[in-house]
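Each chain, letter by letter, is given below.
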Amino acid sequence: MEQSYFRNKVTFLNVLLTIMIVVLHAKSPERFGLLVEDYPIIYCISMLCRVATPLFFFLSALLFYKGCCFNDLERKYKSRIDSLLIPYLLWNIIFVAIFWVLSHVPILSSKMNMGAILSNPKDILIAILDSHHTDLWFVKDLMAYTILAPVLLLFFKNKKTSFILLSIVLAIAIYLQPAYKSLLRWLPIYMIGAAFGYYWNDLTIDRFVRARHRNLYTVIALVMLITAYLLALYKNTDIYLIYISPILIWFIVDGLFYKLIQDFRVKKWMSYMFFVFCTHHFVLNVLQKIVVLCFDPTPLVITLTYFLSPILCVFFLIKSADLISHYKVYKILSGGR
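First, a word on scope: everything that follows refers to the structure included in this document. Within each chain, residue numbers correspond to sequence positions counted from 1 in written order. The predicted nature of this model means local features are confined to residues of pLDDT at least 70 and side-chain atom pairs, given and counted, to a pLDDT of 80 or more, with totals for whole chains, interfaces and linings taken over all residues. Values shown for side chains rest on all heavy atoms present in the structure; no hydrogens or waters enter the calculation.

1. What to know about the packing of helix H12 (residues 214-235) against helix H13 (residues 241-262)
Thought 1: The axes are straight lines fitted to the C-alpha atoms, using for helices just the contacting stretch, and the angles between their N-to-C directions are given from 0 to 180°. To qualify as a helix, a DSSP run of H or I must reach at least 4 residues; to qualify as a strand, a run of E must reach at least 2; elements of each kind are numbered from the N terminus. Axis separation between H12 and H13 bottoms out at 9 Å; the angle between their running directions is 145°. Considering only the axes of H12 and H13, their crossing is left-handed. Counted together, Arg214, Thr218, Ala221, Leu222, Met224, Leu225, Ala228, Tyr229 and Ala232 of H12 and Leu241, Ile244, Ser245, Leu248, Ile249, Ile252, Asp254, Gly255, Leu256 and Tyr258 of H13 form the full contact between these two elements.
Thought 2: Put simply, Ala, Val, Leu, Ile, Met, Phe, Trp, Tyr, Cys and Pro go in the nonpolar bin, Asp, Glu, Lys and Arg in the charged bin, and everything else, Gly too, in the polar bin. In terms of residue class, the contact of H12 with H13 is built from 14 nonpolar, three polar and two charged. Should the near helix be turned anticlockwise from the far one by less than a right angle, the crossing is termed left-handed; should it be turned clockwise, right-handed. We call two residues contacting when some pair of their heavy atoms lies within 4.5 Å.

2. Some words on H12
Thought 1: Here a helix's expected span is defined as the number of its residues, less one, multiplied by 1.5 Å. Look at H12: 31 Å from first C-alpha to last across 22 residues, which is about the 32 Å you get at 1.5 Å a residue.
Thought 2: Buried residues are those whose accessible area, probed at 1.4 Å on protein chains only, stays under 20% of the maximum for their type, while exposed residues exceed 50% and partly exposed ones sit between those limits. Taken as a whole, H12 has its buried residues at Arg214, Thr218, Ala221, Leu225, Ala228, Tyr229, Ala232 and Leu233. All buried residues of H12 fall inside an arc of 140° around its axis, so they share one side. Those residues of H12 that are exposed and angled more than 90 degrees off the buried face are Leu216, Tyr234 and Lys235. Comment: arc refers to directions from the helix axis out to C-beta atoms.

3. Things to note about the nonpolar core
Thought 1: Definition of nonpolar core: a set of buried residues of the types Ala, Val, Leu, Ile, Met, Phe, Trp, Tyr and Cys, connected through side-chain atoms within 4.5 Å. Grouped together as the largest cluster of nonpolar side chains are 100 residues, with contacts concentrated most on Tyr65 and Trp250.
Thought 2: It is helix H1 (residues 2-24) that contributes the most residues to this core, twelve residues altogether.
Thought 3: Excluding residues that lie within four positions of it along the chain, Tyr65 makes contacts with Leu148, Ala149, Leu152, Leu153, Phe156, Tyr190, Ala194, Gly197 and Tyr198.

4. As for the packing of aromatic side chains
Thought 1: For this analysis, a ring pair means two rings from Phe, Tyr or Trp (six-membered ring only for Trp) whose centres lie within 6.5 Å, classed as stacked if their planes differ by under 30 degrees, edge-to-face if by over 60, and tilted for the remaining angles. Tallied over the full model, the rule gives 30 aromatic pairs.
Thought 2: Seen in terms of ring centroids, Phe57 and Trp137 are 6.3 Å apart; in terms of plane orientation they differ by 45°. Their pairing is tilted. Residue Phe57 is located in helix H4 (residues 52-65), and its partner Trp137 is located in helix H8 (residues 137-147); the two are separated by 80 residues in the primary sequence.
Thought 3: Measuring from ring centre to ring centre gives 6.3 Å for Tyr65 and Tyr190, while their planes differ by 80°; the resulting arrangement is edge-to-face. Of this pair, Tyr65 sits in helix H4 while Tyr190 sits in helix H11 (residues 183-199), and the two are 125 residues apart along the sequence. Pair check on accessibility: Tyr65 and Tyr190 agree, each one buried.

As structure tokens, this is what we get:
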């Protein structure tokens, strides 16, 4: 039952977080060259959706280190080649090719307001390896963190030592406030997820508090999360929100949705979330570019674009994945998911 609940919970969160990532990138004011901060509803939703990325790092680390030991590393490294490295390279090749065409065919580049890009083999290679035209920097960071597994497992042999290391890394990240895609920015969150997965296999709120106190601690976690969110809105920075939200949300889901997740039925379309993640930004760009070319940036147009384009994007990509899911190429592109 515990393993079934855990799988259901991870699937539930994976679907929710993927949709939040799509919404995060659907900031329609930016398509018109406007500031998101000038549209309070869009700004507030966008800030809330920023919790998706850190929770993805937390979940990825938790799954990697759940029941992990040194003897498992070879198997896990091999599986990550199929699930991370190969899809990373293939998707980047695909989108580099698409953007090359868009920037070198005059009728397309004029409509997209694109200058000539990727003009030599070196630029093309860098764009592929460094995910310049996809959101797969997340996958790139995951692969980098995976290489650290032997070091982290060595520290995890002693809880005190691992806690000291985590505290140092977290303090450095908060002090330096590194760039959004920096490895240092997300390393503390990844390490927290790794520690939770390594030390606590049955990771639910009941593992830490008595069942009769579940509601109380859920409320406390909600208050902490809301406080961090309001602070992020006020300060216009998510630096504190991203480091506290993964643990809080992980336990809040237990407190609020325990029965729902326990009875959760996984549907086929839920397995398409990695495909949606890899392709959504391009589809959003196309949908919103059409709106930019056809309409003036009135508040109504911007608001409708913000709410409708993610819905159309996710629906289109799920249908597309369903059409090609029985082909081998889909299995390769989705990393066997």
